[in-house]
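So you can see what is in the structure, the chains are spelled out below.
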Amino acid sequence: MHSPPLLVQSYALVLVVHRTTLAITAASAQAEQHCGRSAQALLRRPLKELFPAKTIAQITAVPPSDTPSVVYLNDPAGWPAGDYQVVIYPLKDEFVLEVELRRKWSHVGDYASRLDGFTRELEAETTTSGLLQRLCDGLTEHLGYDRAITIQFDNLEHSVVTHESRKEGMPSMLDMRFVEEDIPEATRCRQLAETVLNFTDDNTPLHPVVGDVSDPAAEIIHLHVASRQPFVNSLRFLRDTGLSTLGYLSILIDGKLWGSCYMHSIEPLYLDYQMQSFLRVVGRLVQHKIAYHLYHSNLRNKQKAHAVRDNLHKEIIRAENLTEGLTAGPTTILDLIPEAKGAAVCSDDEMTILGETPTQEEINAVVGWVKGVIGEDKKWYTDQLATHFPPAQAYIKKAAGMVFLPLDHDANQWIVWFKPETVRTIVFGSTAPADNPRDRRYSERAVTTQRWSLPWREEEILAIRALRVFLQKVVLQRYSTTQRQNTLLREALDDLELFSYTIGHDLRAPLRGIASYADILQEDYNHLLDQEGQAFLNKIQQNAERMRIFMDDLLALNRIDRNKMVFNSLCVEQLVRRVLADLSSAKYSAATQCDIAQPLPDICGDCNYMIIVFTNLLSNAFKYSARAKEPRVEVSFTGEYRRGFPVFCVADNGIGIPQDQQARVFDLFTRSTNSEGYEGTGIGLALVQRIIRFHEGDIWLESEEGKGSRFYFYSGVRVGVHTGGR
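Because the structure is predicted, anything quoted here is derived from the model rather than measured.

1. Quick look at the environment of arginine 190
So, point 1. Residue position: arginine 190 is located in helix α6 (residues 185–193).
So, point 2. Distance in space between the C-alpha atoms of arginine 190 and leucine 223 is 7.3 Å, their sequence separation being 33 residues.
So, point 3. The contacts of arginine 190, once residues within four sequence positions are left out, are His222, Arg228, Gln229, Pro230, Phe231 and Tyr248.
So, point 4. Within the local environment of arginine 190, its side chain forms a polar contact with the backbone oxygen of histidine 222, the two atoms lying 3.5 Å apart.

What follows is the structure in structure tokens.
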């Protein structure tokens, strides 16, 4: 037996009939007002005492477990005059019957034509908003409700009225919000089980079902019979707002209650079985259309998120590290969540900030709290941060809402996004006393919300979750790629060491022998050689010297070792004068006039390597300007800073470099086409560039053929950094 007793409304008679004996085993208590006989008088009586034989034959013909059927019953004997119908819910051993008056449509048009026209209108809508508005309009038009509203549930089971259609005189509920207690979990579960209900409060008590009711029959009455007991909150809503009728149409998406359409009427309004069927068909169409729109909307959002992630992937590949890839390029993590106005990325305790955020100390404090309370590996988000973490009240205008996305807690890698406070006035549809939250009353309550951000939308959370998977995949790919590249690099370094050893030992020894024998020939046998022989011998000596210089430069290039560099603050003027002294004692004695423009700030670097830089740049400047009418070489500070470091310039008025060849002059063994007739190996500028890059700086040039060249460079290291032992 079912307990507590089933309660039904008064407008329909509910009967339970045994399938074999056709005896009435249960009846709703208001039976007398329908058929003139009390519920007790009907129990165990044959159904033929209520219905004619033709109607009984139609009822018994419905097989078990079939869908509900309808049998028309015109002016049955002993009943109040009217056109009735019997809605049959067939079970294995019983029938549940609901006898109701047939209702006339509010204006011309039968069920089929009305349904066809309405569904065509709904199908023509191309947006979810347009579809929901047309649904509300149609329900007031076709079924005669005074107001129809649609509400949508958020992730917290709160809801907001998004669309509305109402007749003149009905107050608006548009944008009104309801909390979870207004439509509690039990109500939502029933809306999932049965998508249509219409309840009319006629100021009379609900009526119990009298008799023996099996569990299957009780379930039918509880969930499917139109006259079943309403929700407690529905009854309270009607009485608090002065309405007589409330109906709903559930909107289910992927098995979840996405929203509902609620219908209200001032006067009592009943829906018969056909009208409820009308609602169910319309509801299924609306659900399919919304699901279709949501799918394509999600697809578009995913495509946008994929485009952002693709751009981030390109930035990460080009960047030196993950943080730079996420924050330094044209596309950043802020592009993933446009409503977020600030973000921060942390990796190995180095934090990078984007947009409007709290300070680094404040971010570290709130992240530390999240890790301690929520967990280091758990994603967490809120739109009211100060409620959970009171110190956040100090920076609520920048960070009322927050998402924490952990990446690798061992490396202290994480990302946070912030949304600022959004002050809004929200109208709630209910209120509850502070001392008794369950005692709800349905009356408007306007609240100005503070300390809240815009909510984190589902598509934003999905995009953030996908970013985490994406980054983990990218990091693993980069790790695998780096491993392969490191293996190849180790092999290349081994080959380079072997190459350097070969040059330094195996090749230099024969070269020294060639040079020595040439010197012997010059000293001991020069008088025996004719003029042509002496010219050949001179060529051998010149080429041996060129080869020696080439091997010395190449060995100097390969010997650059950053691990042995010690960076100190160096006086540029002293470096230049030392280099000029070395050059003047060599072959540049006639061309070592150099202007040193003042003032010159210090440069940070390894002293020995900085001497190599200035030696190569100045020797090139002297060499290529030597044939100018008035040779000029200058060392200066440009007045510009790159990344906070001073930029220096070595300029000359020599032969210059053709425009189309300037990008290649730093390549190994590369010389400009107009440098023929000038000594050189094509290694000096490659050596300078490698040293500057090992100093985390950069070098570039400006040149015009025939008018000279200007080489700009800076060192990007700090004073006192010791990269290795000596």
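2. Notes on the nonpolar core
So, point 1. Ranked by internal contacts, the top residues of the largest apolar core, which has 40 residues, are Val576, Ile603, Phe614, Leu617, Leu618 and Phe713.
So, point 2. Those elements that place two or more of their residues in this core are α15 (572–584), β23 (603–605), α16 (607–625), β24 (633–642), β25 (645–652), α17 (684–694), β26 (698–704) and β27 (708–714).
So, point 3. The element that contributes the greatest number of residues to this core is α16, accounting for 9 residues.
So, point 4. Beyond its immediate sequence surroundings of up to four residues, phenylalanine 614 is in contact with Val572, Leu575, Val576, Val579, Val635 and Phe713.
So, point 5. The next biggest cluster of nonpolar side chains, apart from the first, holds 28 residues, and it includes Leu131, Cys136, Phe278 and Leu285.

3. Overview of empty space enclosed by the protein
To find the voids left in a structure, one rolls a probe of water-molecule size over its atoms.
So, point 1. Enumeration according to the criterion identifies 1 cavity of 30 Å³ or more in this entry.
So, point 2. The space that makes up the largest cavity amounts to roughly 220 Å³.
So, point 3. Along the walls of the largest cavity sit 16 residues, with Asp182, Ile183, Phe237, Leu246 and Tyr262 positioned nearest its centre.
So, point 4. Those elements that place two or more of their residues in the lining of the largest cavity are β7 (147–153), α6, α8 (232–241) and β13 (256–265).
So, point 5. Here the element with the most residues in the lining of the largest cavity is α8; it accounts for 3 residues.
So, point 6. In the lining of the largest cavity, the residues fall into 10 nonpolar, 5 polar and 1 charged.

4. Focus on the packing of aromatic side chains
Each aromatic ring pair is specified by the distance between its two centres and by the angle formed by the two planes.
So, point 1. Enumeration according to the criterion identifies 17 aromatic pairs in this entry.
So, point 2. Aromatic pair phenylalanine 637 and phenylalanine 648: ring centres 6.2 Å apart, planes at 55 degrees, arrangement tilted. Taken together, the positions of phenylalanine 637 in strand β24 and phenylalanine 648 in strand β25 put the pair 11 residues apart, joining distant regions of the chain.
So, point 3. Taking the centre distance of 6.2 Å and the plane angle of 90 degrees together, the rings of phenylalanine 666 and phenylalanine 711 count as edge-to-face. Of the two residues, phenylalanine 666 is situated in the loop between β25 and α17 and phenylalanine 711 in strand β27; the sequence distance between them amounts to 45 residues.
So, point 4. With relative accessibility at 9%, the residue phenylalanine 666 sits in the buried group.
So, point 5. Cluster of aromatic residues (ring-pair linked, three or more members): Phe614, Phe637, Tyr641, Phe648 and Phe713.
So, point 6. Here the guanidinium or amino end of lysine 419 rests over the ring plane of tryptophan 456, the centre of that ring lying 4.3 Å away.

5. Here we look at the environment of isoleucine 363
So, point 1. Checked against the element boundaries, isoleucine 363 lands in helix α11 (residues 360–373).
So, point 2. Linking isoleucine 363 and alanine 343, residues 20 residues apart in sequence, is a C-alpha distance of 9.9 Å.
So, point 3. For isoleucine 363, the residues in contact, after removing those within four places along its chain, are Ala344, Met351, Ile353, Thr357, Pro358, Trp414, Val416 and Phe418.

6. Remarks on the packing of helix α4 (residues 111–124) against helix α5 (residues 128–143)
So, point 1. Put simply, α4 and α5 touch, their axes get as near as 10 Å, and they point 160 degrees apart. Here α4 is positioned roughly antiparallel relative to α5, judged by the angle of their axes. Crossing angle aside, the handedness with which α4 passes α5 is right-handed. Contacts from Arg114, Phe118, Glu121 and Leu122 in α4 reach Leu131, Arg134, Leu135, Gly138, Leu139 and His142 in α5.

Conventions used here
- Residues numbered from 1 in each chain as written.
- Predicted model: local features only at pLDDT ≥ 70, side-chain atom pairs only at ≥ 80, totals over all residues.
- Heavy atoms only, no water.
- Helix = DSSP H or I, 4+ residues; strand = E, 2+ residues; numbered from the N terminus.
- Contact = heavy atoms within 4.5 Å.
- Polar contact = N/O pair within 3.5 Å; in protein donor to acceptor, adjacent residues only side chain to side chain.
- Core = buried A, V, L, I, M, F, W, Y, C linked by side-chain atoms within 4.5 Å.
- Buried < 20%, exposed > 50% of the residue type's maximum accessible area, 1.4 Å probe, protein only.
- 1 Å grid on protein atoms, 1.4 Å probe; cavity = no way out; pocket = protein on both sides within 12 Å on 5 of 7 lines; lining within 4 Å.
- Points joined across faces, edges and corners; volume = space filled by probe spheres on them.
- Nonpolar A, V, L, I, M, F, W, Y, C, P; charged D, E, K, R; others polar.
- Phe/Tyr/Trp six-rings, centres within 6.5 Å; stacked < 30°, edge-to-face > 60°.
- Lys NZ or Arg CZ within 6 Å of the ring centre and 35° of its normal.
- Axes fitted to C-alpha atoms, helices over the stretch in contact; angles between N-to-C directions.
- Parallel < 35°, antiparallel > 145°, perpendicular 65-115°, else oblique.
- Left-handed = near helix turned anticlockwise from the far one by under 90°.

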